[in-house]
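Remarks on the overall topology
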Amino acid sequence: MSLRVTSSGEPPAGWDDAIAEKGGLLQSTYWGSLMAALGRGAPLYLQAMDGETPVASLLAIHLREKGGGTVRRLALALLRSGGRIEFGDGPVVHDEARAGEAVAALLDALQAYAAKNRVLLIRANGLSAASRFEGGGGIDAAFAARGFSPARWGTYLVDLSPDEDALLMSLEHSARKGIRKAAREGVRVAPPTGWEDYR
């Protein structure tokens, strides 16, 4: 049976519950509402469905450029276009046996939306760390068949064993100043313990 893709600017009922196990913050309704509230972009919630059952879900943000920037020609091209689309931590696959098929259906729907809205660029910023696929299950093939190409990026790891003063001294002056200002103003940082911490 072929999959049907639904899309909406509003999250389907139960979105966060559906993505909680395998998704990340960038696929949550919190992220979609935050991007909309900040005026950064419009959320687009897509689901590949088998009947009434979601097989995969994807939150993409349609960003419209406001101009300016350091790369003037690119900024002008983006202004003339319908902006760009970005998503991270996704797609979230609910049915592992149909991963490749579901991701292909979502990407086809996203590219059709992009063509209709004159979107210049679609940027996928990786699967969730909670995903068991890491590009397998036909996901890489689905992206490659639709013209996506991988780009390397890195995560910097910092040894936190030195004391706080030594860590601060390893940062640039402006970063130390910002951290000290935040501390004076009562900013506290703690790891999230669950989805409720994002709301």
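As the structure is a computational prediction, the values presented were derived from the model and not from experiment. (Residues numbered from 1 in each chain as written. Predicted model: local features only at pLDDT ≥ 70, side-chain atom pairs only at ≥ 80, totals over all residues. Heavy atoms only, no water.)

Section: the packing of aromatic side chains
- Counted by the stated rule, this structure contains two aromatic pairs.
- A centroid spacing of 4.9 Å and a plane angle of 80 degrees characterise the contact between Trp15 and Tyr45, whose relative ring orientation is edge-to-face. Separated by 30 residues along the polypeptide, Trp15 in helix H1 (residues 15-19) and Tyr45 in strand S2 (residues 41-50) bring together distant segments of the chain.
- Using a relative accessible area of 3% as the deciding quantity, one classes Tyr45 as buried.
- Ring centres 5.2 Å apart and planes at 85 degrees place the aromatic pair Phe143 and Phe148 in the edge-to-face group.
- The class of Phe143 is buried, set by a relative accessible area of 13%. (Phe/Tyr/Trp six-rings, centres within 6.5 Å; stacked < 30°, edge-to-face > 60°. Helix = DSSP H or I, 4+ residues; strand = E, 2+ residues; numbered from the N terminus. Buried < 20%, exposed > 50% of the residue type's maximum accessible area, 1.4 Å probe, protein only.)

A closer look at the side chain of Gln27
- Mapped onto the elements, Gln27 comes out in the loop between H1 and helix H2 (29-37).
- Judged by its relative accessible area of 0%, Gln27 is buried.
- Looking at Gln27, its side chain comes within polar contact range of the main-chain nitrogen of Leu59, at 2.6 Å.
- Filtering out sequence-adjacent residues up to four positions away, Gln27 remains in contact with Trp15, Ile19, Ser57, Leu58, Leu59, Phe87, Gly88, Asp89, Gly90 and Val92. (Polar contact = N/O pair within 3.5 Å; in protein donor to acceptor, adjacent residues only side chain to side chain. Contact = heavy atoms within 4.5 Å.)

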